[in-house]
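Reading the structure
Single-letter residue listing:
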Amino acid sequence: MNSLNQVCLRNTDTDQSWTLEAYESIGGYSAWRKILKEKTDPNLIIEQIKKSGLRGRGGAGFATGLKWSFVDRDNPTQKYLVCNSDEGEPGTCKDTLILTLNPHQLIEGIAICAYVMGATKAYNYLRGEFILHYKRCEAAIKEATEKNLLGADCLGSGVDIEIFNVLGAGSYIVGEETAMLESLEGKRGMPRYKPPFPAMHGLYGKPTTINNTETLASVPVILEKGADWFAELGTERSGGTKIFCISGHVNKPGVFEVPLGTPFKDLLEMAGGIRQGRKLKAVIPGGTSMKLINANDSLDMKMDYSDIASKGSALGSGGVIIMDDSTCMVQALCHMMRFYEEESCGQCTPCREGSGWVYGILKDMLAGKAKPGDVDELYRVAKNIEGRTICAFGEAISWPVTSFVDLFREEFEFIVANNGKSMVESKLPGANHLAFGWPAYEQRDKL
Amino acid sequence: MSQIINEKMAKEIDKWVAKFPSDKKKSAVLMALRIVQDEYKWLKKEHVQAVADYLDVPNTEVGEVLTFYSLYQQKPVGNHTVKVCTSLSCCLNGAYSVLGYVENELGIKCGQTTKDGQITLQEAECIAACADAPAMIIDDKDFYRRVTPEKVKEIISNIKDGDRP
């Protein structure tokens, strides 16, 4: 187990881990102090990040070093860094831990990235419910500013960096980077058309870099321990560690930071295995926007970008949702699609209309009102959204629907042919498709 | 000073305005609405106008924000909101049983407010507590994890006692 929690969660079991004192006691801010003292060439830092293999941990998995090289730091205009702490991808609960238990490491990561960009101002955008998280981050900034690790002329280096924590107001799509910029400008969170890309035209029309919380919190450790150390933790094409949140039908759901490439089987074991000895049915590996993987494919899967991609899905945000054989796939998908219908921002027709159609057909299926041919209709509508929207929300509807139907078509056909009776319900007496299997705290499988 | 935004609220809003460039006061609209809502529990037309006037932003642009984000209450609600997360991970762990239990305890359906005006019950979508499912959130800030019927009872009675959780 010594490979657990080495980067973003490295200090989470220490006392009062969120204080400056605790963070400095494990070497915190040493990378930042070194940069300020030596006035490290930003290009060297970018090289280190590239070498480390760090990729965006928010969902898209874009190479971080490459992203950092897009902003022209010699452009004299105001530049901005935005940290995306609007954690909201269903199944994902990792940034919440960094924000509450290790805020200083995030602040250090933000400072370093801002320095590389030549940005003097950075915003840390937290979701509106993260009030405790906000307070922790505010306290961390205050402590760091008092020590002049932030603020004007940091430690006499001539570098100015101000970080502001801001709160959202409840919107899934604000997690999309350009929607977040709109939200920061005090508008509806509607994704922008790209190009122009944020690196040229971002917040208030200024060059902007947007990174996820886990990505930025990884940076100080990479610089402290070396790019090679980090890269070697993971696999050849997926450097470092990743935080996985294991939820659903497992005995001990939890959040684990493990080296990329860790076998899914090991992760499942850390989470105590499938609850009460039931059978694994399917896995969503990276939050509900990603494609479903069936039990067989998952069991020899390694948790890294390329191996999950080879199974037809993606690592996404690291929200791993486990479903056992008591799960009605039609109900599970219908429920996911209710969310996407609700959260579609509405600016692109395929997504706005398509999300409603998809949800409507699924509701009809459960209510016993579906017509023959509705499974094909569902598939066709979902497939037609893919690639036809401004942002990836279109795929977040299309991918789950098509993969659920591809893997479990017989369940969809069954419920249509049997007036809303679920195939699971008919196979497992006592299972009620409306209850998604049984509540964890009820020992229903003893029936 | 408008009657709606009192001195204390104005001070709080100003703190948010100060986080953004001086010509970008509009960026503070999200939090200004939240601050006003914290005071009045839900947002009426005159509250939107007050925020618009205070930040010097067109009323319609504040209205656009109000109707987009889910934490804003556009209809009357109780003094406290109880939201049960019904995202997939929570559902797989019995979120609807929890919701049903809360409905029974409070004697209301989801979306309604108790007769004494204390509690409004709503659903929440993914509150980033998936590994601690099923989860609830009170007043959009206090998280309750791995809730069971017994825990729900305790949480609810604490709110009823007026003990703001």
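Everything quoted here is computed from the prediction, not taken from an experiment.

Right, let's get into the overall build of chain A. Per the secondary structure count, chain A includes 18 helices and 11 strands. Taken over 447 residues, chain A has a buried fraction of 61%. Intrachain contacts of chain A at a sequence separation of at least 6 include 70% that bridge at least 24 residues. Accessible surface, chain A as shown: approximately 16,300 Å² in total, 51% of it carbon and sulfur.

What follows concerns the sheet that holds strand 3 (residues 162-167) of chain A. Residues and elements named next belong to chain A. Spatially, four strands are ordered 3-2-1-4 in an open sheet, and the strand pairing comes out parallel. Single-partner strands in this sheet number two, and they are strand 3 and strand 4 (208-212). With strand direction ignored, the average angle separating the axes of adjacent strands in the sheet is 20°. By the bridge criterion, five bridges tie strand 1 (residues 80-85) to strand 4 in an arrangement that is parallel. Residue Val82 lies in a different strand from strand 4, and its bridge partner there is Ile210. Across the sheet, helix 9 (residues 213-225) touches strand 1 and strand 4, and the angle it forms with strand 4 is around 90°.

Right, let's get into the pairing of strand 8 (residues 280-284) of chain A. Residue and element names in this part refer to chain A. Among the five residues that make up strand 8, five are buried, leaving the element largely enclosed by the rest of the structure. Looking at chain direction, strand 8 and strand 11 (residues 319-324) are connected through four bridges and run antiparallel. In the sheet register, Ile284 faces strand 11, and the bridge partner there is Ile321. Bridge count for strand 8 against strand 9 (residues 293-294) is two bridges, and the pairing is antiparallel.

Throughout the structure, instances matching the rule amount to 16 aromatic pairs over all chains. Seen from their ring centres, A:Tyr123 and B:Phe20 are 5.4 Å apart, and the 20° between their planes marks the pair as stacked. Of this pair, A:Tyr123 sits in strand 2 (residues 121-126) while B:Phe20 sits in the loop between helix 1 (7-17) and helix 2 (29-40), which puts the two residues in different chains. What makes A:Tyr123 buried here is its relative accessible area of 0%. For B:Phe20, a relative accessible area of 8% corresponds to the buried category. By way of ring pairs, the aromatic residues A:Tyr80, A:Tyr123, A:Phe164, A:Tyr204 and B:Phe20 are connected into one cluster. Positioned over the ring face of A:Phe408 is A:Lys281, at 5.4 Å from the centre of the ring.

So, about the pattern of salt bridges. Residue and element names in this part refer to chain A. Overall, the coordinates contain 37 salt bridges over all chains when judged by the stated rule. A salt bridge links Asp228 to Lys51, with the nearest nitrogen and oxygen atoms 3.7 Å apart. In this pair, Asp228 sits in helix 10 (residues 227-233) while Lys51 sits in helix 3 (residues 42-52), placing the two residues 177 residues apart along the sequence. The partly exposed category is assigned to Asp228, whose relative accessible area is 40%. By relative accessible area, which is 49% here, Lys51 ends up partly exposed. Measuring nitrogen to oxygen at the nearest pair gives 3.2 Å for the salt bridge that ties Glu377 to Arg380.

Further remarks concern the confidence of the model for chain A. Detailed reading of predicted coordinates is not advised where the pLDDT is low. Averaged over every residue, the pLDDT of chain A is 94; the share at 70 or more is 95%. The low-confidence segment residues 443-447 of chain A, where pLDDT is below 50, has seven contacts with residues more than four positions distant or belonging to other chains.

Another aspect to go through is the domain arrangement of chain B. Looking at chain B, the domain boundaries give domain 1 (7-68) and domain 2 (80-160). Summarising the inter-unit geometry, the C-alpha centres of domain 1 of chain B and domain 2 of chain B are found 29 Å apart.

Facing 64 residues of chain A, the contacting portion of chain B comprises 48 residues. Taken over both partners, the interface formed by chain A and chain B buries close to 4,200 Å², and the fraction arising from carbon and sulfur atoms is 61%. Summed over the shared surface of chain A and chain B, the result is three salt bridges. Note that B:Lys19 and A:Glu138 form a salt bridge whose closest N and O atoms lie 3.5 Å from each other. For the pair chain A and chain B, the number of links is 24 residue pairs in polar contact (both at pLDDT 80 or more). Taken together, the elements giving at least two residues each to the side of chain A that touches chain B come down to strand 2, helix 7 (131-146), strand 3, helix 8 (177-184), strand 5 (241-248), strand 6 (254-259), strand 11 and helix 14 (329-343) of chain A.

This part covers the sheet that holds strand 2 (residues 119-124) of chain B. All names here are of chain B. The four strands lie next to each other as 2-1-3-4, forming an open sheet whose pairing is mixed. At either end of the open sheet lies a strand with only one pairing partner, and these are strand 2 and strand 4 (142-144). Across this sheet, the average inter-strand angle for adjacent strands is 25°, counted without regard to direction. Strand direction decides the pairing type here: strand 1 (residues 80-85) and strand 2, joined by six bridges, are parallel. Opposite Lys83, over in strand 2, you have Gln122 as the bridge partner. Sheet contacts for helix 6 (residues 95-106): strand 1, strand 2 and strand 3 (136-138); angle to strand 2, the most-contacted strand, approximately 170°.

On to the nonpolar core, then. Core analysis: the largest hydrophobic core is formed by 163 residues, its most contacted members being A:Trp32, A:Trp68, A:Met337, A:Leu362, A:Met365, A:Phe404 and A:Phe412. For A:Trp68, the residues in contact, after removing those within four places along its chain, are A:Ile45, A:Ile46, A:Ile49, A:Cys113, A:Val116, A:Met117, A:Thr209, A:Asn211, A:Leu216 and A:Val219.

Attention shifts here to the domain arrangement of chain A. How big an interface is tends to be stated in terms of accessible area lost as the parts join. Residue and element names in this part refer to chain A. Here chain A is partitioned into domain 1 (3-233), domain 2 (241-324) and domain 3 (329-444). Here the C-alpha centre of domain 3 lies 36 Å away from the C-alpha centre of domain 1. Tallying the contact residues gives 12 residues for domain 1 and eight residues for domain 3. Inspection of the region where domain 1 meets domain 3 yields zero salt bridges. On the surface where domain 1 and domain 3 come into contact, there are two residue pairs in polar contact (both at pLDDT 80 or more). Here the residues of the side of domain 1 that touches domain 3 are counted per class, giving six nonpolar, three polar and three charged.

All names here are of chain A. Its location among the elements puts Arg10 in the segment before helix 1 (20-25). By relative accessible area, which is 17% here, Arg10 ends up buried. Of the polar contacts made by the side chain of Arg10, one reaches the side chain of Gln105; its length is 2.9 Å. A polar atom in the side chain of Arg10 sits 3.1 Å from the side chain of Glu224.

Basis of the calculations
- Residues numbered from 1 in each chain as written.
- Chains lettered and ligands numbered in written order.
- Predicted model: local features only at pLDDT ≥ 70, side-chain atom pairs only at ≥ 80, totals over all residues.
- Heavy atoms only, no water.
- Helix = DSSP H or I, 4+ residues; strand = E, 2+ residues; numbered from the N terminus.
- Buried < 20%, exposed > 50% of the residue type's maximum accessible area, 1.4 Å probe, protein only.
- Contact = heavy atoms within 4.5 Å.
- Areas by Shrake-Rupley, 256 points an atom, 1.4 Å probe, with all protein chains shown as cover.
- Pairing = 2+ DSSP bridges.
- Axes fitted to C-alpha atoms, helices over the stretch in contact; angles between N-to-C directions.
- Phe/Tyr/Trp six-rings, centres within 6.5 Å; stacked < 30°, edge-to-face > 60°.
- Lys NZ or Arg CZ within 6 Å of the ring centre and 35° of its normal.
- Salt bridge = Lys/Arg side-chain N within 4 Å of Asp/Glu carboxyl O.
- pLDDT = per-residue confidence, 0-100.
- Domains from an automatic or database assignment.
- Buried area = accessible area lost by both parts, 1.4 Å probe.
- Polar contact = N/O pair within 3.5 Å; in protein donor to acceptor, adjacent residues only side chain to side chain.
- Core = buried A, V, L, I, M, F, W, Y, C linked by side-chain atoms within 4.5 Å.
- Nonpolar A, V, L, I, M, F, W, Y, C, P; charged D, E, K, R; others polar.

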